[in-house]
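Per-entry structural report
What follows is the residue order along each chain.
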Amino acid sequence: MQRWSKLLGLLVVALATTACGKKENRFHNIEIKEPATIKVERFDQAVWALNECITQPAKVGNYDLMLVDIPDDDSVCLKKRIEELETQYGESFNLYLHQLGVNSGAIRENPTTLFYLFLTHPAYRELYENCQEKYPDMNDIEQQFSDAFSRATLLLKDFKTPEVYAFFSGFAEYIAADNERLYLSLEYFLGADFKNYQYVPGIYNYMIPNLRKEKLVPDAVYAWVCSEYPIGKETPTLLDQMLYCGKMMYIMESIFPNVDEKVLMGYNDEEWEWCEMNEKNMWRYMQEYNQLFSTNSKMISDYVNPANCTKYFSDENFQAPSRTGVWIGWQIIRCLMAEKDEITLPDLLSVEDSQHLLEQSRYRP
């Protein structure tokens, strides 16, 4: 950490909104003539309705597949209703069985037993009720999706609007997408004050502030846009990955004009301000230590993936925000779009030469 401290000693820290000055996104004021109407399919409720078949829950503590004894009538009813769900939802139900649901690996072998245990488990029942209390309906969520996808359809070439499914996985999956549908697990958006997040394996403290309703639609749309427009290079450099993520964030701010940039980024005020104050320092560090054109996947991950901090700018006394590579990539793309008024979002996505994009942006923090 001496390297970062040394740079801090050599450089003057100056507060600035961006390296090229703050300029309003020119796509914010577009007119939507044919708005989309998105309805969120409550797949969570459809699955949970299987409870109507259950007359006797599994005994507390007895959730072993080999030991569970389902009443005959319950088993017959569950099997019939599961088949009906499979007919109704087709590929979505199969995806839930194979990937998205609790114990999805085992549920393929014995779905009746797995659903029986899942539906009667006290912890899952409580969690499901928490989701229903938070999301009794999806009216506001549907409006946010409708607005976002309307703008995306207008701004992006050949954009495909997905069907949207809400599901309940018992923390087995966060957000998923296939070729036509977007799936979001409601239990991941219950609020930073939801007391049980601290006990869930795989949920770390740094993640909890963003597990809130305000992040549901932006995070889901971000996942869909990334799946529709994946990075084009098999072995990207750090700069490639930063600018790809920067493009995705610029698209997000273009289709969410009324969502604060900090919410889109998943930062609090202090994290955003730290990045603004240290933008020049971070960029200089990446250059001086020849990181920008490295293909080291571990290093790239350290800069662009969620974590408790960006380790290159942290020490035992201070933790810098994570995903600083994404933040800087976003500022570079903002500079590019401010410099080149003629560039559309499809134009932006079509250019994969990161060095060219950087030069054209005139980025000088």
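Because the structure is a prediction, the values reported are computed rather than measured.

**Some words on the pattern of salt bridges**
- Inspection of every chain in the model, using the stated rule, returns 18 salt bridges.
- The residue arginine 181 makes a salt bridge to aspartate 178 at a minimum N-O spacing of 3.3 Å.
- Here arginine 181 falls in the buried class, since its relative accessible area comes to 13%.
- Residue classification places aspartate 178 among the partly exposed positions, given a relative accessible area of 23%.
- One network of salt bridges, with partners in common, ties together Glu52, Lys80, Arg81 and Glu84.

**Quick notes on the confidence of the model for the protein**
- Per-residue confidence for the protein averages 89 on the pLDDT scale, and 88% of its residues sit at or above 70.
- Low pLDDT, under 50, characterises residues 1-18; the stretch is placed with 38 contacts to residues that sit more than four places away or in other chains.

**Describing the sheet that holds strand 1 (residues 40-42)**
- Spatially, 1-2-4-3 is the arrangement adopted by the four strands of the open sheet, whose pairing is mixed. Where the open sheet ends on each side, the last strands, each with one partner, are strand 1 and strand 3 (175-177). Across the sheet, the axes of successive neighbouring strands diverge by a mean angle of 25°, strand direction being ignored.
- In this sheet, strand 4 (residues 181-185) lies alongside strand 2 (residues 163-167) in parallel orientation, the contact comprising five bridges. Of the residues in strand 4, the one forming a bridge with glutamate 163 is arginine 181.

**Structural notes on the pairing of strand 2**
- Within strand 2, four of the five residues are buried, leaving the element largely enclosed by the surrounding structure.
- Two elements, strand 1 and strand 2, share three bridges in a ladder whose sense is parallel. Bridged to arginine 42 within strand 2 is alanine 166.

**Focus on helix 17 (residues 354-361)**
- For helix 17, the set of buried residues is Ser354, Leu357, Leu358 and Ser361. Burial along helix 17 is one-sided: seen end-on, the buried residues are contained in an arc of 100°.
- Where the residues of helix 17 are buried, they touch helix 10 (238-255), helix 13 (279-288) and helix 15 (324-339).
- The opening residue of helix 17, the one whose side-chain oxygen lies 3.2 Å from the backbone nitrogen of glutamine 355, is aspartate 353.
- A positive phi of about 55° marks arginine 362, the residue just after helix 17.

**Concerning the packing of aromatic side chains**
- Summed over the entire model, instances satisfying the criterion amount to 36 aromatic pairs.
- With a centroid separation of 4.2 Å and 15° between ring planes, the pair formed by tryptophan 48 and tyrosine 128 is classed as stacked. Of this pair, tryptophan 48 sits in helix 2 (residues 43-48) while tyrosine 128 sits in helix 7 (residues 122-134); the two residues are 80 residues apart in sequence, bridging distant segments of the chain. Considered together, tryptophan 48 and tyrosine 128 belong to a single accessibility category, that of buried residues.
- Between phenylalanine 167 and tyrosine 183 the ring centres are 6.4 Å apart and the planes differ by 75°, which places this aromatic pair in the edge-to-face class. One end of the pair, phenylalanine 167, is in strand 2; the other, tyrosine 183, is in strand 4, and 16 residues separate them in sequence. Grouping residues by exposure puts phenylalanine 167 and tyrosine 183 together as buried.
- Positioned above the aromatic ring of tryptophan 330 is the side chain of arginine 334, whose terminal nitrogen or guanidinium carbon lies 4.3 Å from the ring centre.

**Observations regarding the nonpolar core**
- Within the largest apolar cluster, 113 residues are counted, with the highest numbers of intra-cluster contacts made by Phe115, Phe145, Val221 and Trp283.
- The biggest single contributor to this core is helix 10, with twelve residues.

**Here we look at helix 13**
- Buried within helix 13 we find Glu279, Asn281, Met282, Trp283, Tyr285 and Met286.
- A positive phi of about 50° marks asparagine 290, the residue just after helix 13.

**Considering the state of the cysteines**
- One pass over the full model with this rule turns up one disulfide.
- Between the sulfur atoms of cysteine 53 and its disulfide mate cysteine 77 the distance is 2.1 Å. Sign of the S-S torsion, about -60° for the bond between cysteine 53 and cysteine 77, identifies this disulfide as left-handed. Separated by 24 residues along the polypeptide, cysteine 53 in the loop between helix 2 and helix 3 (72-89) and cysteine 77 in helix 3 bring together distant segments of the chain.
- The exposure class of cysteine 53 is buried, given its relative accessible area of 3%.
- Owing to a relative accessible area of 27%, cysteine 77 belongs among the partly exposed residues under this scheme.
- With no disulfide of its own, cysteine 226 lies 7.0 Å from the sulfur of cysteine 245, the closest cysteine sulfur.
- Accessibility expressed as a relative area gives 18% for cysteine 226, which makes it buried.

**Let's talk about unusual backbone geometry**
- Phi is positive for phenylalanine 171, which is not a glycine, with a value near 70°.
- For phenylalanine 171, the location among the structural elements is in the loop between strand 2 and strand 3.
- Residue class for phenylalanine 171 comes out buried when judged on its relative accessible area of 18%.
- In the Ramachandran plot, asparagine 290 falls in the positive-phi region, its phi being about 50° despite a non-glycine side chain.
- Locating asparagine 290 in the fold gives a position in the loop between helix 13 and helix 14 (297-304).
- Judged by relative accessible area, asparagine 290 falls into the exposed class, the value being 65%.

Conventions used here
- Residues numbered from 1 in each chain as written.
- Predicted model: local features only at pLDDT ≥ 70, side-chain atom pairs only at ≥ 80, totals over all residues.
- Heavy atoms only, no water.
- Salt bridge = Lys/Arg side-chain N within 4 Å of Asp/Glu carboxyl O.
- Buried < 20%, exposed > 50% of the residue type's maximum accessible area, 1.4 Å probe, protein only.
- pLDDT = per-residue confidence, 0-100.
- Contact = heavy atoms within 4.5 Å.
- Pairing = 2+ DSSP bridges.
- Helix = DSSP H or I, 4+ residues; strand = E, 2+ residues; numbered from the N terminus.
- Axes fitted to C-alpha atoms, helices over the stretch in contact; angles between N-to-C directions.
- Arc of directions from axis to C-beta.
- Polar contact = N/O pair within 3.5 Å; in protein donor to acceptor, adjacent residues only side chain to side chain.
- Phe/Tyr/Trp six-rings, centres within 6.5 Å; stacked < 30°, edge-to-face > 60°.
- Lys NZ or Arg CZ within 6 Å of the ring centre and 35° of its normal.
- Core = buried A, V, L, I, M, F, W, Y, C linked by side-chain atoms within 4.5 Å.
- Disulfide = S-S within 2.5 Å.

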